[in-house]
Amino acid sequence: MTFSSCLTEQDKVIVLDASVIINLLATGYATEILQALKASLVVTGHVVREIEQGAANGRQESTLLTELIDARFLQMKELSGPSLEHFFSLVSGKTSDSLGDGEAATLAFAYSNGFSAAIDEKKATRIAGERFEAMKLVTTLDILAHEPVRTLLGHTALASATFQALRVARMQVRPHQLHWVTQLIGEDNLTACASLKRYARRKMDHLSP
């Protein structure tokens, strides 16, 4: 199955979750990618604070995120009204049906305002599909495969950016995206990516006599 980005010019505002931001920062081309999207990009205060907590462990994403916000590549928004109500519903209940603050805030803010949400986690995607069926969801790979991003970066930089997001940030890849990723970064690089090692082993087993 051929993978193509689901992003279009109709995605005027995209709310980015922490996982997507961390993946994009790991690419080394975050500024260029965000510029190429031609959309208003939002990050909730909950996600900013979630990433700030990582600074205590020596991670650099918080500093880089602050720079992007200060340069107005990203807008930080706090929840209020309906988005806050949806947030509380998403963080409440049993573990299998509730989310962490950052994921919940991303989905709640996007849904309440009619925006698209960029999120990678499978559980969050499942819950969003169950509760907010009409909301559009995109992944980090949808952003990387978006035609304006591909055009701006060019093949070599895009391959490097994707490989870095996989290797450094352990970007998640959906089954329908695997072929595109493999062609882009090369089969030899699959084993260097923690999120793709199982796929690489299955591929090798299939090829073994």
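The preceding data block contains the structure.
Keep in mind that what you see is a predicted model, and the values were worked out from it rather than measured.

A. Inspection of the sheet that holds strand β5 (residues 137-138) at higher detail. In space, the 5 strands of this open sheet follow the order β3-β2-β1-β4-β5, with parallel pairing throughout. In this open sheet, the two edge strands, each paired with only one partner strand, are β3 (75-77) and β5. Of the pairings in the sheet, the one linking strand β1 (residues 13-16) to strand β4 (residues 116-118) comprises 3 bridges and is parallel in character. Looking at β4, one finds that L16 is bridged to A118.

B. Summary view of the environment of N23. By the secondary structure assignment, N23 is in helix α1 (residues 18-27). Take N23: its relative accessible area is 3%, and that puts it in the buried class. Sequence spacing of N23 and Q10 is 13 residues, and the spatial spacing of their C-alpha atoms is 23 Å. Those residues in contact with N23 that lie beyond four places of it in its chain are D120, T140, A165, A169 and M171. Within the local environment of N23, its side chain forms a polar contact with the side chain of T140, the two groups lying 3.0 Å apart.

C. Fine view of the nonpolar core. Core analysis: the biggest nonpolar cluster contains 49 residues, and L16, I143, I185 and L196 have the highest contact counts within it. By residue number, the principal contributor to this core is helix α9 (residues 147-169), which donates 9 residues. Not counting residues within four places of it along the chain, the set of residues in contact with I185 comprises A159, T162, F163, L166, L190, C193 and L196. Counting residues in each nonpolar core, the second largest holds 20 residues, with L79, F87, A110 and A124 among its members.

Basis of the calculations
The residue numbers shown here count from 1 along each chain, following its written sequence. Confidence filtering applies because this is a predicted model: local features only for residues at pLDDT of at least 70, side-chain atom pairs given and counted only at 80 or more, and all residues used for totals across whole chains, interfaces and linings. Excluded from the side-chain calculation are hydrogens and water; included are all heavy atoms of the structure. At least two DSSP bridges between two strands are needed for those strands to be called paired. Put simply, DSSP marks the helices as runs of H or I at least four residues long and the strands as runs of E at least two long, and each gets a number from the N terminus on. Working definition: with a 1.4 Å probe on protein chains only, accessible area under 20% of the residue-type maximum means buried, over 50% means exposed, and in between means partly exposed. A contact between two residues is defined here by any heavy atoms of the two lying within 4.5 Å. Each polar contact in these results corresponds to two N or O atoms within 3.5 Å; when the atoms are within protein, one needs to be able to donate a hydrogen and the other to accept it, and residues that are neighboring in sequence are counted only if both atoms are side-chain atoms. The nonpolar core is taken to be a set of buried Ala, Val, Leu, Ile, Met, Phe, Trp, Tyr and Cys residues, with the residues joined through side-chain atoms within 4.5 Å.

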